[in-house]
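Coordinate inspection notes
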Amino acid sequence: MSTRFAQWASLSPWSIVSFSVGSLRQLLTNGYALIPLVYTGWQRGFNSPWLLLVAAGLVLVTLTYASLQWAKYRYRLSDAKLGIRQGLVFKRAQEIPLNKIQNVRLEQPLYFRPLGLYSLVVETAGSKQDEAVLAAVNYRQAMQLKKHLFASQSQLQGTETTYADGETPSLASEPQQAGITATSASEQSRRQGEGLVVAKDLKDLLIFGFYQNNLIWLSIISGSIIGQVDWESLGQTSMVQGAWHWYQTNIAIGLIYQILAVAAALILLYLLLSLISIASAVLKYYPYRLSLRQGTLHRTGGILAKQQDALRLHRVQLVRFEQPVIGRLIGRWTVHFEQVKGNEVEQLAKRHLLIPSMSREDIPQAFGRFDSLAAKANSLPASYQGINSGWLWRRAIPLALLPVVMTLILGLNPFTELVAGFTLVALVGLYLNYRQWGYCLEGDDCWIHTGALGQTWRLVPLSKTQDVCISQTPGQRRNALATLHLGLASGPLVIPYIPLEEARLIAETALSLTREDPKNWI
């Protein structure tokens, strides 16, 4: 360990900027903190000098608090742990074992870019927030810290695994020499697979933003804005009147034209609502680069805030291949490397380290180089075994009876018709969900398939399971069926209504692997 990091050290004074931005972000997040500012502006008029005084006071308090945070922040990196001391009134001392560090990522916010400074973010297994943020470090210092963190982890893991069976080293005999040679060959083969794994250009990220679009949030945001529009006055404008006249003359004359017009309008609406998602994907990930070095994935990219994420492959608990409905039409997948629940790389958005815009043919090329990944499958299955129809009937029958009973009690009226319509939509969704729920056992890996209009594959390395449970309802027991529960550090998984023999086979495989594997589950 370098003596440079062995002593308690303080951050650069430029970290005050980072602490200030964090404080302002908390201030804006907690809306009640802005009540004095808004109230003063409303009472005095928003051009009143009191508004400027209140704003200046908030900025002064923020800078003072950030300066005190910087003055009280100390860190130290030893051979086995990372120490952090911070706090003004309430002191906080952290000792983070290096072998428990889940992710190390390098970020360069916009305000650090002119200075060439970065923030080094450290996350541990099971944490729901960043354990340590070393702000305002230069690139060389950040890379040295990152290197020492991972080098120390490798040393600790090597100590744990080399003598796991209580063996002690001795003078090399011929068999041992052969083992060393085999190990060296394996190491050399692994290093040959290192380097750049996946690169995504602007086109790929535009496609990613297009098919991974989340329209719900934009609809919520735009709803309040649309509600303020004076539609009656807008309808009287010459442009709207001309458009309506053109529609009556050219479109309303035939049913086919009307269907095509509605389809075109929906496509245009989707494209407009996708603009934010597309811009976000480009600004956050461009240029996307995913590299592999010493069993660790390194992701770089970002225009406004450059990021460098690092994740050890052996810490991945689950791999999720997600394909929304638009992605299914164009044949693109998003790959998520799920870690310990509550400790995602992009934890504020509850997202995992991901690879965007992957085709089915791209996946084997990338996963063929992930030797350290617990899951050994490297291509998506061609098919899966579906669950028993009992799962569907148990949910569909009570749901279908609801509008029938309400109609018998209340009679046929607009309300019961509305309930029947919603029930029909729910039944269709339930059936689509049932049709896509299935599983596939492939060696020591288990694939779980779910979805409705889109689809998702989850690649579960059974060696990562923490607990296994097989449950049966009376109806399942009569039909030799069971529900399998797999507990992983990334969250629980369920495969319902499968043959009891299949559930026992998957459970026994998982228990056998975890019983024979002495390594830490993370």
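Structure: above.
We now turn to the structure provided with this report.

By size, the foremost hydrophobic cluster in this structure holds 37 residues, and its most contacted members are Val319, Phe321, Phe337, Phe367 and Phe370. Not counting residues within four places of it along the chain, the set of residues in contact with Phe367 comprises Val319, Phe321, Val335, Phe337, Leu373, Ala377 and Asn378. Counting 28 residues, the second largest nonpolar core, distinct from the first, contains Val460, Leu486, Leu493 and Tyr497.

For the rest of this paragraph, the subject is the sheet that holds strand 3 (residues 92–97). A sheet is described by the order of its strands in space; here 3 strands give the open sequence 1-2-3, paired in antiparallel fashion. A single partner strand is all that each edge strand has here, and the edge strands are strand 1 (74–77) and strand 3. For this sheet, the mean inter-axis angle between neighbouring strands, taken without regard to orientation, is 10°. Relative to strand 3, strand 2 (residues 81–86) runs antiparallel, the two sharing 6 bridges. If you follow Arg85 over to strand 3, its bridge partner there is Ala93.

This part takes up the packing of helix 14 (residues 390–410) against helix 15 (residues 414–436). Contact geometry of helix 14 with helix 15 gives a least axis separation of 10 Å together with a crossing angle of 175°. Between helix 14 and helix 15, the interaxial angle falls into the category roughly antiparallel. Two secondary-structure elements touch here, helix 14 through Trp391, Leu392, Arg395, Ala396, Leu399, Ala400, Pro403, Met406, Thr407 and Leu410 and helix 15 through Phe415, Thr416, Val419, Ala420, Thr423, Ala426, Leu427, Leu430, Tyr431, Asn433 and Tyr434. Taken together, the residues of the contact of helix 14 with helix 15 break down into 16 nonpolar, 4 polar and 1 charged.

The next point concerns helix 7 (residues 202–211). Those residues of helix 7 that fall on the buried side of the exposure criterion are Asp204, Leu205, Ile207, Phe208, Gly209 and Tyr211. Summarising the contacts, the buried residues of helix 7 are in contact with strand 7 (195–200), helix 11 (255–285), strand 8 (288–293), helix 12 (325–330), strand 12 (333–338) and strand 13 (353–358).

If you trace the 7 strands from one edge of the open sheet to the other, you get 6-5-4-10-9-8-7, paired in antiparallel fashion. Here the strands that pair on one side only, and so sit at the sheet edges, are strand 6 (132–138) and strand 7. Each strand axis lies, on average, 15° off the axis of its neighbour in the sheet, ignoring direction. In this structure, strand 7 lies alongside strand 8, joined through 5 bridges in antiparallel fashion. Following the sheet pairing, Val198 is matched in strand 8 by Leu290. Its contacts with the sheet place helix 11 against strand 8, strand 9 (296–301) and strand 10 (306–312), and it is angled at close to 115° to strand 9.

Turning our eyes to something else, we now look at the state of the cysteines. The full count for this structure, using the stated rule, is 0 disulfides. Here Cys440 stays unpaired: no disulfide links it, and the sulfur of Cys446, its closest cysteine neighbor, is 7.8 Å away.

Next up on the list: the pattern of salt bridges. Tallied over the full model, the rule gives 5 salt bridges. With a shortest N-O distance of 3.5 Å, Arg332 and Asp204 are connected by a salt bridge. Here Asp204 lies in helix 7 and Arg332 lies in the loop between helix 12 and strand 12, a separation of 128 residues in the sequence. Since its relative accessible area comes to 19%, Arg332 is described here as buried. For Asp204, a relative accessible area of 15% puts it in the buried group. Between Arg320 and Glu322 there is a salt bridge whose closest N-O contact spans 3.4 Å. The network of salt bridges with common partners includes Arg320, Glu322 and Glu338.

Turning next to the environment of Ser357. Within the secondary structure, Ser357 sits in strand 13. Exposure remark for Ser357: the relative accessible area of 0% places this residue in the buried category. When the C-alpha positions of Ser357 and Val335 are compared, they lie 8.4 Å apart, and in sequence the two are 22 residues distant.

Turning our attention to a nonpolar patch on the surface. Taken together, the side chains of Trp393, Ile397, Leu401, Val404, Val405, Leu408, Ile409, Leu410 and Phe415 present a nonpolar region at the surface, about 970 Å² in accessible area. Broken down by element, the nonpolar patch gets its largest block of residues, 8 residues, from helix 14. Its relative accessible area of 46% is what places Val404 among the partly exposed residues.

Calculation rules
Residues numbered from 1 in each chain as written. Predicted model: local features only at pLDDT ≥ 70, side-chain atom pairs only at ≥ 80, totals over all residues. Heavy atoms only, no water. Core = buried A, V, L, I, M, F, W, Y, C linked by side-chain atoms within 4.5 Å. Buried < 20%, exposed > 50% of the residue type's maximum accessible area, 1.4 Å probe, protein only. Contact = heavy atoms within 4.5 Å. Pairing = 2+ DSSP bridges. Helix = DSSP H or I, 4+ residues; strand = E, 2+ residues; numbered from the N terminus. Axes fitted to C-alpha atoms, helices over the stretch in contact; angles between N-to-C directions. Parallel < 35°, antiparallel > 145°, perpendicular 65-115°, else oblique. Nonpolar A, V, L, I, M, F, W, Y, C, P; charged D, E, K, R; others polar. Disulfide = S-S within 2.5 Å. Salt bridge = Lys/Arg side-chain N within 4 Å of Asp/Glu carboxyl O. Patch = residues over 30% accessible without salt bridge, like charges linked within 9 Å, V, L, I, M, F, W, Y side chains within 5 Å. Areas by Shrake-Rupley, 256 points an atom, 1.4 Å probe, with all protein chains shown as cover.

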